[in-house]
Amino acid sequence: MINNTIVLTEAGKKIGMGHFVRMSAVCEELRDNDIPVRMLLNSDETVNSMTNLNYVEYCNWNDGSDSMDYINAVDTVILDSYLAGYEKINEINRKCKKLIVIDDNIRLNYSNVTIINPNYFGMFLSYPQNRGNVIYTGSGCTLLRKPFNRFFDRKIADEVSNVLITMGGTDVKNVTLKVIRYIKALDSEVSLHVVVTDAYDEIDKINCNLGANDNLYKGIDADQMSELMRLADFAVASAGGTTNELIKMLCPCVLVGVADNQLQNLKFLSENNYVKKFELSDLNPIRDMFMPEQRRQLFDKMKSTHSKETGISIIIGEIRGKNGK
C-alpha cells in the first residue's frame, strides 16, 4: 500500500481562497520533495473554473455520508478547514496514520493530532495541554509559496510612488473600489497596482476608476504577486493569508479584517506594530502610510522577527518522521 499525503481543504466565493492558496503552496513543496500528494477540495463552481492543478480533486469530503475511502491507514492527512467538525476530525484521525491540523485560532479542542499555527500571533495562544497534541507555533511556521521566501534589501522611500491593493481571492464587501477612490482623493499621481480575480463583482467599476498611471492585474501567479509586493511602497490588503506574505516580503501594509477568523491575528499584529489596520467605516489609517516614518516603523518591526524557516519544512519533517517531537 502506497503511503500518500492527502490534503483536505475548502474554497469558495463566500468563504474565500486563503486555505486553498496556502495548501497549494504545501502541495507544490511536497511534490518538489518527491512526496506523493493529493488535494481534495470542497469548493464551488467559481473556484473550480479558476483552478486546473493536476493534484486537485473536487469533492465534498466534509459530507457526513462520505465513507472516506480516499484515506488509508498508512496515509498522512493535512486538514485546513473552518467547516470540519470535531467528530469529522476524530473520524479522519482514526483512519489515517497521522493527522496534521492547520489551525489559526484554537478552533476546536483537538486531541492526539499535530497542530501547526501558521500565523505570527500563534505563539501567544494558549493551546490546551495534556491532550496528546504536538504543537508548532511562531514565525517559523508560516505556510508561504516559494516566491515569498526570497530575501531582498528593501529601502523605505520618502515619497510614495507605488501602492499595491489586494483583497485576496474574493472581495465580497467590495473594499477594493472604496480604497481606490479614497487614495485617488489623497494623491491622484500615485500609481495603484490593483489585484483582482474572476470572483470579484465590481471589476468593471474598478477599472473605470483607475487612471493612466495605474494597473489592473487578474489571475496573477505567486511570482508576479511577490514582485508587486517588492515594488510597492506599501500595500492595502485584507488580513487573510496575504498578511504573512507581506510580512515575509517586509512590505509595510495597512489591513482590514473582512472575516471573523482574521480579527484576532489583525488585532495582535496591529497592536504590536507589525501592520496598521483600517475599518470600512474609517479609511484614514491609509493616509498615514504616506508618511515615511510610519512605513519605517512597520518595516523595522517586520525585519526584527523575520524567519528563514517555514511551516512546510515542519510538515515534511512530520511526514518523514524526522522532527523528533
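Residues numbered from 1 in each chain as written. Predicted model: local features only at pLDDT ≥ 70, side-chain atom pairs only at ≥ 80, totals over all residues. Heavy atoms only, no water.

Counting secondary structure elements, the protein chain contains eleven helices and 13 strands. Relative to a compact globule of 325 residues, whose C-alpha radius of gyration would be 20 Å, the protein chain shows 20 Å and is just as compact. Across its three principal directions, the C-alpha atoms of the protein chain cover 60 × 40 × 35 Å. Relative to all contacts within the protein chain whose residues are 6 or more apart in sequence, the contacts with residues 24 or more apart total 59%. In the form shown here, the protein chain has an accessible surface area of approximately 14,600 Å², with 45% of it arising from carbon and sulfur atoms. The distance from the centre of the 37 positive side-chain charges to the centre of the 42 negative ones in the protein chain is 4 Å. (Helix = DSSP H or I, 4+ residues; strand = E, 2+ residues; numbered from the N terminus. Rg over C-alpha atoms; globule rule 2.2 N^0.38 Å. Contact = heavy atoms within 4.5 Å. Areas by Shrake-Rupley, 256 points an atom, 1.4 Å probe, with all protein chains shown as cover. Lys, Arg positive; Asp, Glu negative; His and termini not counted. Charge placed at Lys NZ, Arg CZ, Asp CG, Glu CD.)

As enumerated under the stated definition, the model contains zero disulfides in all. Free of any disulfide, cysteine 27 has its nearest cysteine sulfur in cysteine 59, 13 Å distant. (Disulfide = S-S within 2.5 Å.)

This part takes up a nonpolar patch on the surface. A surface patch of nonpolar side chains, amounting to about 270 Å² of accessible area, comprises Ile15, Tyr82 and Leu83. In this fold, leucine 83 is placed in the loop between β4 (76–80) and α3 (86–95). (Patch = residues over 30% accessible without salt bridge, like charges linked within 9 Å, V, L, I, M, F, W, Y side chains within 5 Å. Salt bridge = Lys/Arg side-chain N within 4 Å of Asp/Glu carboxyl O.)

Moving on, we come to the sheet that holds strand β11 (residues 234–238). One open sheet accounts for six strands, arranged β10-β9-β8-β11-β12-β13; its pairing is parallel. Two strands bound the open sheet, and with one partner strand each, they are β10 (215–218) and β13 (276–277). In this sheet, β11 lies alongside strand β8 (residues 162–166) in parallel orientation, the contact comprising four bridges. Residue pairing across strands places threonine 166 opposite alanine 237, the latter belonging to β11. Contacts from helix α6 (residues 222–231) reach β8, β9 (191–196) and β10 within the one sheet, and its direction differs from that of β8 by about 140°. (Pairing = 2+ DSSP bridges. Axes fitted to C-alpha atoms, helices over the stretch in contact; angles between N-to-C directions.)

Attention shifts here to helix α1 (residues 18–32). For α1, which comprises 15 residues, the first-to-last C-alpha distance of 22 Å matches the rise-based estimate of 21 Å (1.5 Å per residue) to within 8%. Residues of α1 that are buried: His19, Phe20, Arg22, Met23, Ser24, Ala25, Val26, Cys27, Glu29 and Leu30. In the core, the buried residues of α1 are packed alongside β1 (5–10), β2 (37–42), β3 (56–58), β4, β5 (98–102) and α11 (311–320). At the C-terminal side of α1, aspartate 34 shows a positive phi close to 60°. (Expected span 1.5 Å × (residues − 1). Buried < 20%, exposed > 50% of the residue type's maximum accessible area, 1.4 Å probe, protein only.)

Turning our eyes to something else, we now look at the pattern of salt bridges. Using the criterion set out here, one finds 13 salt bridges in the structure. The partner of arginine 22 in a salt bridge is aspartate 104, with the nearest N and O atoms 2.9 Å apart. Taken together, the residues arginine 22 in helix α1 and aspartate 104 in the loop between β5 and β6 (114–116) connect sequence positions 82 residues apart. The salt bridge involving aspartate 158 is made with arginine 296; its shortest N-O contact spans 2.7 Å. Of this pair, aspartate 158 sits in the loop between β7 (134–136) and β8 while arginine 296 sits in helix α10 (residues 292–304), and the two are 138 residues apart along the sequence. According to the relative accessible area criterion, arginine 296 is partly exposed, its value standing at 33%.

It is worth spelling out the sheet that holds β6 at this point. Taken together, seven strands build an open sheet; the order of strands is β3-β2-β1-β4-β5-β6-β7 and the sheet is parallel. Every interior strand has two partners, whereas the edge strands, β3 and β7, have only one. Here the average twist between neighbouring strands, direction ignored, is 20°. Across three bridges, the pairing between β5 and β6 is parallel. Among the inter-strand pairings, valine 101 is bridged to a residue of β6, identified as isoleucine 115.

So far we have only geometry, and geometry alone does not tell us how the molecule works.
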